[in-house]
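Chain residues, written in single-letter form:
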Amino acid sequence: MSGPVVPQHARELAQAARRVLVLSGAGMSAESGVPTFRDAQTGLWHRYDPAELATPQAWARDPGLVWAWYEWRRSLVAACQPNAGHRALAEWARIAEMSVVTQNVDDLHERAGSAVVVHLHGSLFAHRCDSCGAPVELPVPDQAEISGRLAPPVCVHCTGRIRPGVVWFGEALPAGALDEAMTQIEASDLVMVVGTSGMVHPAAALPGLAVSAGVPVVEINPNPTGLPADVHWPVTAAVGLPALVDQLG
Ligand code: APR
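Report on the accompanying structure.

Conventions adopted
Residues numbered from 1 in each chain as written. Predicted model: local features only at pLDDT ≥ 70, side-chain atom pairs only at ≥ 80, totals over all residues. Heavy atoms only, no water. Salt bridge = Lys/Arg side-chain N within 4 Å of Asp/Glu carboxyl O. Helix = DSSP H or I, 4+ residues; strand = E, 2+ residues; numbered from the N terminus. Buried < 20%, exposed > 50% of the residue type's maximum accessible area, 1.4 Å probe, protein only. Axes fitted to C-alpha atoms, helices over the stretch in contact; angles between N-to-C directions. Parallel < 35°, antiparallel > 145°, perpendicular 65-115°, else oblique. Left-handed = near helix turned anticlockwise from the far one by under 90°. Contact = heavy atoms within 4.5 Å.

1. Topic: the pattern of salt bridges
Taken as a whole, this structure holds six salt bridges when the rule is applied. Glu97 is the salt-bridge partner of Arg19, the closest N and O atoms lying 3.8 Å from each other. Residue Arg19 is found in strand β1 (residues 19–24), and its partner Glu97 is found in strand β2 (residues 97–102); the two are separated by 78 residues along the sequence. Assessed through its relative accessible area of 49%, Glu97 is described here as partly exposed.

2. A few points about the packing of helix α6 (residues 84–92) against helix α10 (residues 237–246)
With their axes 7 Å apart at the nearest point, α6 and α10 run at an angle of 25 degrees to one another. Compared by their axis directions, α6 and α10 come out roughly parallel. The two elements α6 and α10 cross, and the hand of that crossing is left-handed. Where α6 approaches α10, its residues Ala84, Gly85, Ala88, Leu89, Glu91 and Trp92 are matched on the opposing element by Ala237, Ala238, Leu241, Pro242, Leu244 and Val245.

What follows is the structure, encoded as structure tokens:
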């Protein structure tokens, strides 16, 4: 089956690009089976609103519930595989310099071989102590063992509570994350915006900053988002990116 027709302008921009920056969102991982953040919650978690769980208030109020939710998400991501879109980006990085700035908290770009320079919203795999900040490596839990609540581990250094390494609503982005994203935009000659609704700031402002900086922007998203771009290509990540990379010779 032949892939989609690649818009000529997108192909020309990609063929000319020597330094590509990818700004990715949840849609990048959708075809890997990772639900986008605004997808309906499934199963055990269907009665909870993610935005209610991803907050410092929820963590303070019910750490066992929040910890179980993130461990469930981590076990789900660990069972998923990078999709053809992740792999196409890793392939593209063999013929052009490529950096990835992602809003995703999964590790699928890394597992496909991409260099992720910024996780704007942290990572499910970057736990740390809530008191002393010490980073913690934890084995992936067995999804079947995750019930409604799990006691978060205790820090071996200070007996504080270990928290998910993600950025909660109301929390600041990781120090330097936005500056690094801007540096990457200004150093690029093409920005690919893939699979983000552009609903969450400050990440949502990045495509506009690229356009203001005169860097061409190509958006890949099956749905309209209103994000500024030179090319809006209504395809999915796992279909569009391989088709585009195939044109790069
Ligand atoms: N390929 C490309 N794009 C897709 C695909 C796909 N297969 N499937 C869905 N999309 C698009 C949707 O059209 C939507 O625009 O991906 C976008 C997903 O939007 P959100 O779920 O809002 O995800 P995102 O933009 O990454 O959310 C930003 O908000 O919820 C917080 O911290 C969370 O990082 C997240 C941030």
